[in-house]
4 protein chains.
Amino acid sequence: MSSTFGTLFRVSTFGESHCPGVGAVVDGCPPNLALDAADIQRQLDRRRPGQSAMTTDRQEGDRVAILSGVENGRTLGTPIALLVPNRDQRPGDYAEMAQVPRPSHADYTYQMKYGIRAASGGGRSSARETIGRVAAGAIAEKILAERYGLEVVAWVSAVGEVSTEAVDMAAITRQAVDATPVRCPPTAAPAMAAAIQAARDAQDSLGGVVTCVCRNVPVGLGEPVFDKLEALLAHAMLSIPATKGFEIGSGFAGTRLRGSAHNDPFVQKGDRLGTLTNRSGGIQGGISNGEPIYFRVAFKPPATIGAAQATADFAGRAVTLAAKGRHDPCVVPRAVPIVEAMAALVLVDVVLRQAARCAGSLHP
Amino acid sequence: MSSTFGTLFRVSTFGESHCPGVGAVVDGCPPNLALDAADIQRQLDRRRPGQSAMTTDRQEGDRVAILSGVENGRTLGTPIALLVPNRDQRPGDYAEMAQVPRPSHADYTYQMKYGIRAASGGGRSSARETIGRVAAGAIAEKILAERYGLEVVAWVSAVGEVSTEAVDMAAITRQAVDATPVRCPPTAAPAMAAAIQAARDAQDSLGGVVTCVCRNVPVGLGEPVFDKLEALLAHAMLSIPATKGFEIGSGFAGTRLRGSAHNDPFVQKGDRLGTLTNRSGGIQGGISNGEPIYFRVAFKPPATIGAAQATADFAGRAVTLAAKGRHDPCVVPRAVPIVEAMAALVLVDVVLRQAARCAGSLHP
Amino acid sequence: MSSTFGTLFRVSTFGESHCPGVGAVVDGCPPNLALDAADIQRQLDRRRPGQSAMTTDRQEGDRVAILSGVENGRTLGTPIALLVPNRDQRPGDYAEMAQVPRPSHADYTYQMKYGIRAASGGGRSSARETIGRVAAGAIAEKILAERYGLEVVAWVSAVGEVSTEAVDMAAITRQAVDATPVRCPPTAAPAMAAAIQAARDAQDSLGGVVTCVCRNVPVGLGEPVFDKLEALLAHAMLSIPATKGFEIGSGFAGTRLRGSAHNDPFVQKGDRLGTLTNRSGGIQGGISNGEPIYFRVAFKPPATIGAAQATADFAGRAVTLAAKGRHDPCVVPRAVPIVEAMAALVLVDVVLRQAARCAGSLHP
Amino acid sequence: MSSTFGTLFRVSTFGESHCPGVGAVVDGCPPNLALDAADIQRQLDRRRPGQSAMTTDRQEGDRVAILSGVENGRTLGTPIALLVPNRDQRPGDYAEMAQVPRPSHADYTYQMKYGIRAASGGGRSSARETIGRVAAGAIAEKILAERYGLEVVAWVSAVGEVSTEAVDMAAITRQAVDATPVRCPPTAAPAMAAAIQAARDAQDSLGGVVTCVCRNVPVGLGEPVFDKLEALLAHAMLSIPATKGFEIGSGFAGTRLRGSAHNDPFVQKGDRLGTLTNRSGGIQGGISNGEPIYFRVAFKPPATIGAAQATADFAGRAVTLAAKGRHDPCVVPRAVPIVEAMAALVLVDVVLRQAARCAGSLHP
């Protein structure tokens, strides 16, 4: 298991669905940052189930406690431990799944890899694992915003067959994103909501796409060769459960263009060079170029569905499986803060790595 | 700069276009593996320019020397240093580019990040940097093939607007891939070749897509949470110069399906569980499930083109740039062994990490 | 701050003296290990203050809770989060120290490095930081004992000017060590106890030496060049608060011998080669040779003392400082389980790293 | 094998005694540092054998070539590959040792760990492995000297039973150290030289101690908890072949003092706090305090001696071994630049890690 992410801003997450709690330890947070639990809770609230009829309907909140690393509302520069208790520690609905691995879920692979697995099935593949990421990401975002004016905004750009119109990446805000429960720009929202409801009615599920933009990114972030900024972002995004693809800038569509049409010409912008277009997605040669960074992340439809599926049990016998309990028909709206968190974790780490190269002073 | 890749099988590459040489140090190769330079040269030959009219026409070869870690044709378990001398150490054609950063190239970002850059422009963003990867990947492939029967095959599945028909992933071989200079299954090859020639005639360039399959992968590879197998593959692929996207299994297209249509039902296959379909791309919950792993990688059109481009110089003055010298109009055929190399580097590392978990014996 | 230790068995500790709690997250524990809180509590009890008149007299216990990674008494292979709540969260006695950095303590350096520090002074330099290490080390010891029969025993070999007689390293047990409150073989114990009492009476403190032996270590552990086994042990030991030195095998005394007198001749021992003497301390060329590993760790006298000291405050003004409250006059007896924990963390990690090299099977 | 050292300034060394060459790749060197081969050759010349009758008498030099990362005498911020060719690639004198593992050498443990070993015996345990360290260390020293005015000086403080008088740590220079072939302050030099000659005459060997001081170290370096500065130094020093011990500041002798006698009182020194004494060795709580850092490293007598030794061969049969060829009776004088190199590698890395915490600007 590799539950640690980052080089200088290091996040270690822990926790399964039905143990006492889930959380994270953040090591490498700069000292003297104003921080309290509310800063973190805000993004956790955006992540949790039950925010609307769109998602699952458990209303209870996940409350974060800061266990260490902060005193009198200021970070100490020491590890920040974050804990969110699990409320339901009895894995009741999972008895059948103990015999039958859910298709396209992690039940089978966890069992084969570890020779044991949590009663709830896929262990750390549970969506609750992402709580630690979102909590840690909220700290990263605060550093980026306060010290560098850098901001990260993600939204749902597709649900199943329904896509959004073009979005103004320079202007879109979290407030605008949260204006609809599907977290997408208003025009497409009703069609997306209808698609999700239809899937729910059919005890089925739906995938989608999240798009993310990072604005005010300074030139020079990213560590070629192997830690190119887009490589770190791809790593971060594909580590989110249920993701199947990543595109930076022009992405797969860009492969169809000729170089003369794809290249981003330079122009003077204020006191620096900028580019006229941004098919590069804000990154050239693995290093940020000062333009907005934007990328898209593909989420498959959730594997656990109420509809009956023909499959096999662990012993190889043909069986029919229909998951009991309530299951989220579409995780994409809740994935928005997770994508933002992972983007922030990548960015804060490359900021610190670049800072190491540039520092004059050695005293904070 | 972060020129090291891997946790237990660690590759550190070095070298610019015009310094004495490029290469890699591989630390963590198991002892007692039969290895000689020819094992490595084979993939380097597939990577080098000038293999056909399709690519650039410099015919000289890049010859690898093994400097350490191998004695009497056997690895010692110690670091293996690999060196490929550069033949042309005079950065002649790059004088104009010293003043004008090439659009969508790394000239500008390297200069801004490091405050200095190699005479040839983007320094480590040069295609020659991938020589070290391919050399190291050849060692990784040998371990995978000899000890685990695992094989990796990649091919060109799209060039510009031209895509291949469906490919039989269970059967395709490197020999078949190399049957055409564009390294794609025969039916689409002529149209791809024509598209590349047209771009060359226009002093322009073309992007494309490489698809890769990994067969005979044992169940259980990959280290959730943050080092999920697809996350490591995405990281590896997006670290290759000129890549813009990554899809595993059903990818972006899979986001349009409902769960009932997307899930891969289990069936008994011989003495293990397999899946009837493989939209998961051989990975569930970040762990290989025993089915073939397949993924697609998007390559943008090369940034350096002979056609005139309106852009700005470092001082912000509007200029017209037309790159001198010969430039590869389409790198995708040559990217095939690079994709294979990076896939092999990821796989050998997760094999060793899983082995650490399972070992009975502690003696080789 | 770097609060993570290990490559494959990774421990991340957190917590200051007066925050809600201290603890650790262990990532990389093999699955299916029997584990409950009592396994961990045993070593925590040996570490905590107030075990005897020898140390401080606070009798309250530090109780560990396992927050994740264990289900039905078995490890899942997922991260194990461990938490010990702090009871006293009011840093009362530290008001004066806010103005005056304690001589030879970390108050000054923490303030200068981070520009802020915990109210209690040295923040993570507090002895409570070692709770996470001891908890994680108890898990490491269990793996080593159950899967490899390997055992680690440490004892106090010197307190101030009082040293023990020679100890039978092949026979000494933890039970024997714990027979006296100073944790040293019986003959020297009364003199050590008297020395500690005299220092306490003088409101002063005393240093000492801990010796540690690791038995049943298989041949082949350790990762040259830079992660030689003795280098990892030295790193681990010098990371314990208040340590000033490390010796493996013959140590500094061995530098006075000629090679002919220092070399350990080989002899056949059962089915393997062993050595007649063991000045190497069980390690040759950075790799364990199958003989017992033994080493010594120097602990300075605790910096915080009740006796008056002439020093300067943060503003550089000459002041007299006499620490209020109860302070441990000699930490060496309590350091015994910490040394054992760090030794176990090193050993379990090199076991896993060597296992990665040797594995046949990839399934647990 | 773990041949990489450092977090942000990362050194990967390679090479055995009889392969084409030995060397290192340095990743993380800041850009725009003036650097040429002569900067590196200087320390290599101090390391090589044959500098005097004191050591072995092979006069040939080891010449370093810079393969990458430097252009027009300036570092590019990219990996710097360094290569020193091996002159003698025929392991002639080692035939007998193929059957008989040298006592206290790494022949046996390498064979057991890897199941194979270099013809020359201990493979990477060869003294030639340290060439890569010294070459990389020379770059580290240059950064420290030019950007921070920091300097590192080591000397021989004991050879066998002969110790130096007290040395003025504030004043000692490399020039003074090199004034005698034993690299020790003049008064003790003749006795040390005589001791080494006597050991040589007896075909025997001698150990010794190297002391090292780091001056002008800024306050605030070191990364507690696990990467305390003294822990990193201990790790670095114990990774040098033949080392058996490490002491920082008062070391083992300090364990005999009471706290009141051991503590270093603060005093105002210019515009900062300093300490009146320096038993801490320049480090408190794992963080540099602005005073000189000093430490001692124990080197055992070399294992390979010409005198006859009763031992066993790999098959367990009793044999007599007398090493053929010329062997260095005392490596301590040549260890001086190696200790300096490892100290510099530790310091440059913690400087960069602290810089990451403090940076205002992100542009070099």
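Note that the coordinates shown come from a computational prediction; the quantities given were computed from them, not determined experimentally.

**Focus on the overall build of chain A**
Working step 1: The secondary structure content of chain A amounts to ten helices and 18 strands.
Working step 2: In terms of overall size, chain A behaves like a compact globule, its C-alpha atoms giving a radius of gyration of 21 Å where 364 residues would be expected to give roughly 21 Å.
Working step 3: Its C-alpha atoms give chain A principal-axis dimensions of roughly 65 × 50 × 35 Å.
Working step 4: Each of the 364 residues in chain A was classed as buried or not, and the buried ones make up 68%.
Working step 5: Of the contacts formed within chain A by residues at least 6 apart in sequence, a portion of 71% connects residues at least 24 apart.

**A closer look at the sheet that holds strand S7 (residues 80–85) of chain C**
All names here are of chain C.
Working step 1: If you walk across this open sheet you meet the five strands as S1-S2-S3-S7-S4, and the pairing is antiparallel. Both outer strands of the open sheet, strand S1 (4–5) and strand S4 (65–66), are each paired with one neighbouring strand and no more.
Working step 2: Pairing of strand S3 (residues 21–27) with S7 involves six bridges; the strand directions are antiparallel. Of the residues in S7, the one forming a bridge with Gly23 is Leu83.
Working step 3: Contacting strand S2 (10–14), S3 and S7, helix H3 (residues 130–148) crosses the sheet at an angle of about 35° to S3.

**Digging into the sheet that holds strand S8 (residues 151–159) of chain D**
Working step 1: In spatial order, the strands read S9(C)-S8(C)-S10(C)-S16(C)-S11(C)-S11(D)-S16(D)-S10(D)-S8(D)-S9(D); together these ten strands make up an open sheet with antiparallel pairing. Each having just a single partner strand, strand S9 (162–163) of chain C together with strand S9 (162–163) of chain D make up the two edges of the open sheet.
Working step 2: Bridge count for S8(D) against S9(D) is two bridges, and the pairing is antiparallel. Looking at the pairing, Ala158(D) lines up with Ser163(D) of S9(D).
Working step 3: Along the sheet, helix H7 (residues 229–238) of chain D makes contact with strand S11 (243–248) of chain C together with strand S11 (243–248) and strand S16 (293–299) of chain D, crossing S11(D) at roughly 160°.

**Some details on the environment of Leu221(A)**
Residues and elements named next belong to chain A.
Working step 1: Within the fold, Leu221 resides in the loop between strand S10 (208–215) and helix H7 (229–238).
Working step 2: Given 29 C-beta atoms within 10 Å, Leu221 falls into the buried group.
Working step 3: Separated by 31 residues in the primary sequence, Leu221 and Pro190 place their C-alpha atoms 38 Å from one another.
Working step 4: Among residues more than four places away in sequence, those in contact with Leu221 are Leu229, Ile287, Ser288, Leu347, Val350, Val351 and Gln354.

**Let's talk about the relation of the copies chain A and chain B**
Working step 1: Aligned on chain B, chain A shows an RMSD of 0.0 Å; the corresponding rotation is 180° and the shift along the axis is 0.0 Å. Seen this way, the second copy is the image of the first under a two-fold rotation axis. For chain A, the smallest separation between a C-alpha atom and the rotation axis is recorded for His235(A), amounting to 2.3 Å.
Working step 2: Mapped onto chain B, 100% of the interface residues of chain A are again interface residues, and the two copies thus contact each other with one and the same surface.

**Here we look at the relation of the copies chain C and chain D**
Working step 1: Once turned by 180° and shifted 0.0 Å along the axis, chain C lies on chain D with an RMSD of 0.0 Å.
Working step 2: Of the interface residues in chain C, 100% have counterparts in chain D that sit at the interface too, so the contact is made through matching surfaces.

**Focus: the interface of chain A and chain B**
Working step 1: At the interface, 86 residues of chain A touch 86 residues of chain B.
Working step 2: Each residue belonging to the side of chain A that touches chain B can be placed in one class, and the counts come to 37 nonpolar, 34 polar and 15 charged.
Working step 3: Strand direction decides the pairing type here: strand S11 (residues 243–248) of chain A and strand S11 (residues 243–248) of chain B, joined by three bridges, are antiparallel. By the bridge assignment for S11(B), Glu247(A) is matched with Gly245(B).

**Notes on the interface of chain C and chain D**
Working step 1: Counting residues at the interface gives 86 residues for chain C, matched by 86 residues for chain D.
Working step 2: Split by residue class, the side of chain C that touches chain D holds 37 nonpolar, 34 polar and 15 charged.

**A look at helix H2 (residues 107–114) of chain B**
Working step 1: Among the eight residues that make up H2(B), eight are buried, leaving the element largely enclosed by the rest of the structure.
Working step 2: Turning to H2(B), the residues buried within the fold contact strand S12 (266–269), strand S13 (272–275), strand S14 (283–284) and strand S15 (287–288) of chain A.

**Side note on helix H1 (residues 37–47) of chain D**
Working step 1: Listed as buried for H1(D) are Ile40(D), Gln43(D), Leu44(D), Arg46(D) and Arg47(D). Along the axis of H1(D), the buried residues cluster in a sector spanning 160°; they form a single face.

**Quick notes on the confidence of the model for chain A**
Working step 1: With 93% of its residues at a pLDDT of 70 or more, chain A shows a mean pLDDT of 92.
Working step 2: If you check the scores for this complex, the pTM reads 0.97 and the ipTM reads 0.96.

**Concerning the packing of H3(C) against helix H9 (residues 332–358) of chain C**
All names here are of chain C.
Working step 1: One way to put it is that H3 packs onto H9 with a least axis distance of 7 Å and a crossing angle of 55°. It follows from the interaxial angle that H3 and H9 lie oblique. Our pair here, H3 against H9, has a crossing hand that is left-handed. Judged by residue contacts, Thr130, Arg133, Val134, Ala136, Gly137, Ala138, Ala140, Glu141, Ile143, Leu144 and Tyr148 of H3 engage Pro337, Ile338, Glu340, Ala341, Met342, Ala344, Leu345, Leu347, Val348 and Val351 from H9.

**What to know about the environment of Ala34(B)**
All names here are of chain B.
Working step 1: In this structure, Ala34 sits in the loop between strand S3 (21–27) and helix H1 (37–47).
Working step 2: Taking the C-alpha atoms as reference points, Ala34 and Glu71, separated by 37 residues in sequence, lie 9.7 Å from one another.
Working step 3: Every residue in contact with Ala34, bar those within four places of it in the chain, is listed here: Gly73 and Arg74.

**Points about the environment of Gln99(A)**
All names here are of chain A.
Working step 1: You can see Gln99 is positioned in helix H2 (residues 95–99).
Working step 2: Residues Gln99 and Asp313 lie 214 residues apart in sequence; the distance between their C-alpha atoms is 5.9 Å.
Working step 3: Those residues in contact with Gln99 that sit more than four places away from it in its chain are Asp313 and Phe314.

**Remarks on the pairing of S11(D)**
In regular strands, side chains alternate between the two faces of the sheet.
All names here are of chain D.
Working step 1: Counting buried residues in S11 gives six out of six residues, a clear majority hidden from the surface.
Working step 2: Looking at chain direction, S11 and S16 are connected through five bridges and run antiparallel. From the neighbouring strand, Glu247 faces S16, where its bridge partner is Arg296.

**Notes on unusual backbone geometry**
Working step 1: Along the chain, Pro224(A) connects to Val225(A) via a cis peptide bond; the corresponding omega equals 10°.
Working step 2: Along the polypeptide, Val225(A) turns up in the loop between S10 and H7.
Working step 3: A positive phi angle, near 55°, is found at Arg183(C), a position not held by glycine.
Working step 4: With respect to the helices and strands, Arg183(C) occurs in the loop between helix H4 (174–177) and helix H5 (189–201).
Working step 5: Given 28 C-beta atoms within 10 Å, Arg183(C) falls into the buried group.

**What about the pairing of strand S2 (residues 10–14) of chain B?**
All names here are of chain B.
Working step 1: Judged by how many residues are buried, S2 sits mostly within the fold: five of five residues are covered.
Working step 2: Burial along S2 is two-sided: Arg10, Ser12 and Phe14 and Val11 and Thr13, pointing in opposite directions, are all buried.
Working step 3: The pairing of strand S1 (residues 4–5) with S2 spans two bridges and is antiparallel. Across the sheet, Phe5 pairs through a bridge with Val11, a residue of S2.
Working step 4: Of the pairings in the sheet, the one linking S2 to S3 comprises five bridges and is antiparallel in character. Across the sheet, Phe14 pairs through a bridge with Gly23, a residue of S3.
Working step 5: Hairpin connection between S2 and S3: a loop of six residues separates the two successive antiparallel strands, and Gly15 in this loop has a positive phi of roughly 115°.

Procedures and definitions
- Residues numbered from 1 in each chain as written.
- Chains lettered and ligands numbered in written order.
- Predicted model: local features only at pLDDT ≥ 70, side-chain atom pairs only at ≥ 80, totals over all residues.
- Helix = DSSP H or I, 4+ residues; strand = E, 2+ residues; numbered from the N terminus.
- Rg over C-alpha atoms; globule rule 2.2 N^0.38 Å.
- Buried ≥ 20, exposed ≤ 12 C-beta atoms within 10 Å, placed from the backbone.
- Contact = placed C-beta atoms within 7 Å.
- Pairing = 2+ DSSP bridges.
- Axes fitted to C-alpha atoms, helices over the stretch in contact; angles between N-to-C directions.
- Least-squares fit on C-alpha atoms with pLDDT ≥ 70 in both.
- Nonpolar A, V, L, I, M, F, W, Y, C, P; charged D, E, K, R; others polar.
- Arc of directions from axis to C-beta.
- pLDDT = per-residue confidence, 0-100.
- Parallel < 35°, antiparallel > 145°, perpendicular 65-115°, else oblique.
- Left-handed = near helix turned anticlockwise from the far one by under 90°.

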